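Letter by letter, the chains look like this.
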Amino acid sequence: MEYISTSALANELDIKSTDLFEKLKTLNWIERKNDKWVLTDLGKQKDGQIRNNPKFGDYIVWPVGISFNNLEQKEKHRPINATAIGKHFNISSQRLNLILSELGWIEKSLSGWQITKLGKVLGGQQYEHETSGGTYVLWPDNILINKNLTSAFYEVPNPLHPKSVTETQILTTSNDGFREKFPATLRTRDGHMVRSRAEVIIDNALYEYKLVHAYERNLPIEEELYSDFFIPTENVYIEFWGLESDPKYAERKKAKIEIYKKYDFKLIELGDADIANLDDYLPKKLLKFNIKVY
């Protein structure tokens, strides 16, 4: 059987060799180890072989005439990056990553974008650039129809522009009808309408700390759930528990906390005792998530 190198095969297919290597990696025919491309078990099943050149070392070859029907089929469902998703929604990859971060799917790190627990649940996978070492995330193509992502484009919060976050449009209904029974009638210093004196105090404190925040933010999950407050720059949620002596309320609190744990969301919990001395307690709780206030 006659064999051809991957680079020569790329020339025959009239594509860049780097693109072909990436496609073969996506198919799991090859993988990168110690700065070298090596065959996977699946690649060996496709009759790929390792050859050695005395000058250049080991390289991969494939049977001449190898069928890429599977490759073309996989190509339609290959993982997509932020650039492709942004192009679909007609925004830049930078702005798209800010939205994914605000949804809690990724978070910023020194090396780039890191996937969160929720992002993994949605099928995202962490990758590292071979040259720079920077990290990025690829997503399954069905992410384009995810309802939490698509709904974000009806109202796109941008942490760089506080007004777009603080004027978030809050849905006025929920499964238990709470928002209909207890309308928000109390105005805070930054213009939010909230439902209790404790929430006024919390909202005003966040405003005085110059922290961009949203009130009653819908969590980016399948379950219908609202947080009391949300700080988008660090993806931190704040819950105020005000009726813990009520059995039904306590039961709902327990269920709500379990959901926060399930998706590994960052959560600050406040109670009546905290409200009396909020400037003592809240800054310390914020500092645990690297949010410094003065």
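Residues numbered from 1 in each chain as written. Predicted model: local features only at pLDDT ≥ 70, side-chain atom pairs only at ≥ 80, totals over all residues. Heavy atoms only, no water.

A.B. asks: Outline unusual backbone geometry, supporting the account with residue identities and numerical values.
C.D. replies: Both trends apply: most residues other than glycine have a negative phi, and most peptide bonds are in trans. You will see that Asp35, though not glycine, has its phi angle at about 65°, which is positive. With respect to the helices and strands, Asp35 occurs in the loop between strand S2 (30-33) and strand S3 (36-39). Judged by its relative accessible area of 64%, Asp35 is exposed. The phi torsion at Asp47 lies on the positive side, around 70°, for a residue other than glycine. Along the polypeptide, Asp47 turns up in the loop between helix H3 (41-45) and strand S4 (49-53). (Helix = DSSP H or I, 4+ residues; strand = E, 2+ residues; numbered from the N terminus. Buried < 20%, exposed > 50% of the residue type's maximum accessible area, 1.4 Å probe, protein only.)

A.B. asks: For the sheet that holds strand S1 (residues 3-5), give the residues involved together with the corresponding values.
C.D. replies: Hydrogen bonds between backbone groups are what pair the strands of a sheet, and the pairing can be parallel or antiparallel. Sheet architecture is open: 3 strands sit in the order S1-S5-S4, paired in antiparallel fashion. The open sheet has two edge strands, S1 and S4, and neither has a second partner. Direction aside, the axes of adjacent strands within the sheet are offset by 45° on average. Here S1 runs beside strand S5 (residues 57-63); their pairing, made up of 3 bridges, is antiparallel. Bridging across to S5, Tyr3 finds its partner in Pro63. Taken strand by strand, helix H1 (residues 6-13) contacts S1 and S5, and its axis lies near 90° from that of S1. (Pairing = 2+ DSSP bridges. Axes fitted to C-alpha atoms, helices over the stretch in contact; angles between N-to-C directions. Contact = heavy atoms within 4.5 Å.)

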